[in-house]
Amino acid sequence: YLAERPEDRNKKLMDLAWIFALCAACGYAASIMVFVWPAYRLVALILVPLAVFTWKFCRNLDEMQVSLSAKRLERELQEALVARTEQLEAEVAARTAELREARDAERAANAAKSAFIATVSHEIRTPLNAIMGYSGLLADDALDARVREEYAGIVSRNGEHLATVIDDVLDLSKIESQRLMIERVPCCIGTIVNDVAMLMRPRAEERGVELTCSATGPIPDRVIADPTRIRQVLLNLVSNAVKFTERGSVWIRVNTEEDGGAGRLI
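Notes on the structure in this doc start here. (Residues numbered from 1 in each chain as written. Predicted model: local features only at pLDDT ≥ 70, side-chain atom pairs only at ≥ 80, totals over all residues. Heavy atoms only, no water.)

Within the protein chain one finds 9 helices and 5 strands. Ordering the α and β elements of the protein chain from the N terminus gives α-α-α-α-α-α-α-β-α-β-β-α-β-β. When burial is assessed residue by residue, the protein chain has 25% of its 266 residues classed as buried. Taking as baseline every contact in the protein chain between residues at least 6 positions apart, the subset at least 24 positions apart corresponds to 73%. Here the protein chain has roughly 18600 Å² of accessible surface; of this, 61% comes from carbon and sulfur atoms. (Helix = DSSP H or I, 4+ residues; strand = E, 2+ residues; numbered from the N terminus. Buried < 20%, exposed > 50% of the residue type's maximum accessible area, 1.4 Å probe, protein only. Contact = heavy atoms within 4.5 Å. Areas by Shrake-Rupley, 256 points an atom, 1.4 Å probe, with all protein chains shown as cover.)

Each full turn of the α-helix corresponds to 3.6 residues, which orients residues three or four apart in the same direction. The terminal C-alpha atoms of helix H9 (residues 227-243), which comprises 17 residues, lie 24 Å apart, in line with the 24 Å expected from a rise of 1.5 Å per residue. Listed as buried for H9 are Thr228, Arg229, Arg231, Gln232, Leu234, Leu235, Val238, Ser239 and Val242. (Expected span 1.5 Å × (residues − 1).)

Turning next to the nonpolar core. Ranked by size, the top nonpolar core spans 29 residues in total, and within it Tyr134, Val196, Leu211, Val238 and Ile252 carry the most contacts. Residue assignment for this core shows that the elements contributing at least two residues are helix H5 (70-138), helix H6 (145-170), helix H8 (189-206), strand E3 (223-225), H9 and strand E4 (249-259). Here valine 238 is in contact with Val196, Met200, Leu211 and Ile252, once residues within four sequence places are set aside. (Core = buried A, V, L, I, M, F, W, Y, C linked by side-chain atoms within 4.5 Å.)

Here we come to the packing of H8 against H9. With their axes 10 Å apart at the nearest point, H8 and H9 run at an angle of 30° to one another. In terms of orientation, H8 lies roughly parallel with respect to H9. Two packed elements cross with a definite hand, and for H8 against H9 that hand is right-handed. Contacts between H8 and H9 pair Ile189, Ile192, Val193, Asp195, Val196, Leu199, Met200, Arg203 and Ala204 from the former with Pro227, Ile230, Arg231, Leu234, Leu235, Val238, Ser239 and Val242 from the latter. (Axes fitted to C-alpha atoms, helices over the stretch in contact; angles between N-to-C directions. Parallel < 35°, antiparallel > 145°, perpendicular 65-115°, else oblique. Left-handed = near helix turned anticlockwise from the far one by under 90°.)

A word on the pattern of salt bridges. Under the definition given, this model contains 5 salt bridges. Residues arginine 103 and aspartate 104 are paired through a salt bridge, measuring 3.6 Å at the closest nitrogen-oxygen approach. Its relative accessible area of 37% is what places aspartate 104 among the partly exposed residues. (Salt bridge = Lys/Arg side-chain N within 4 Å of Asp/Glu carboxyl O.)

Here it is, written out as structure tokens:
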């Protein structure tokens, strides 16, 4: 009883045990007193069953110990149930969070795919229009050889650009990762700028906007860059400039700047 925590002690059962102990002590005292007077010795025999029952009870107190520990066992069981409930709630919350993250990731991937396809569809139309337009011009027999060769080169370069863009569309891993690989290959900036200018000049003329290209300083014939991305960025910039310029002109300027001893193309 004393080994249990004060809040876990079974006081009612212990009070009953004390009552039984006091009754037994009184019974033994009475039996001794009665045994002293010979006339009452036979009466002492009545207390023999009490003595037998007492010793039998005291020989095995395991069940008594369980009864004294009942409140502690109940408390431990309740605490275990509460702890298990909290653990299950935490696991459910974690699984719910994982499912929510998976759902958000799926939505983000779908949104990225939609945005990517919407953006690339614009990239497809520009070179496709150029191919169709210059292919029609090539059908003119009055063109001299130099102009025809120039138009054929524009058609060929835009065909290559269109093939690259289509490859990007078909590469779903790039769409899902929301990124495209950047190449580092030798390319000619002047050729890219001239192609963009020739593609956008008819649209600029339709809007009454003058489109002009210029270069400041020596421009290297070859630079290490990604020609496809440069073409896409430049096409979008010039297209927006022509689209939102109501009057005046649009300039494409290319120049180099020194940056810590290294040339930087602007």
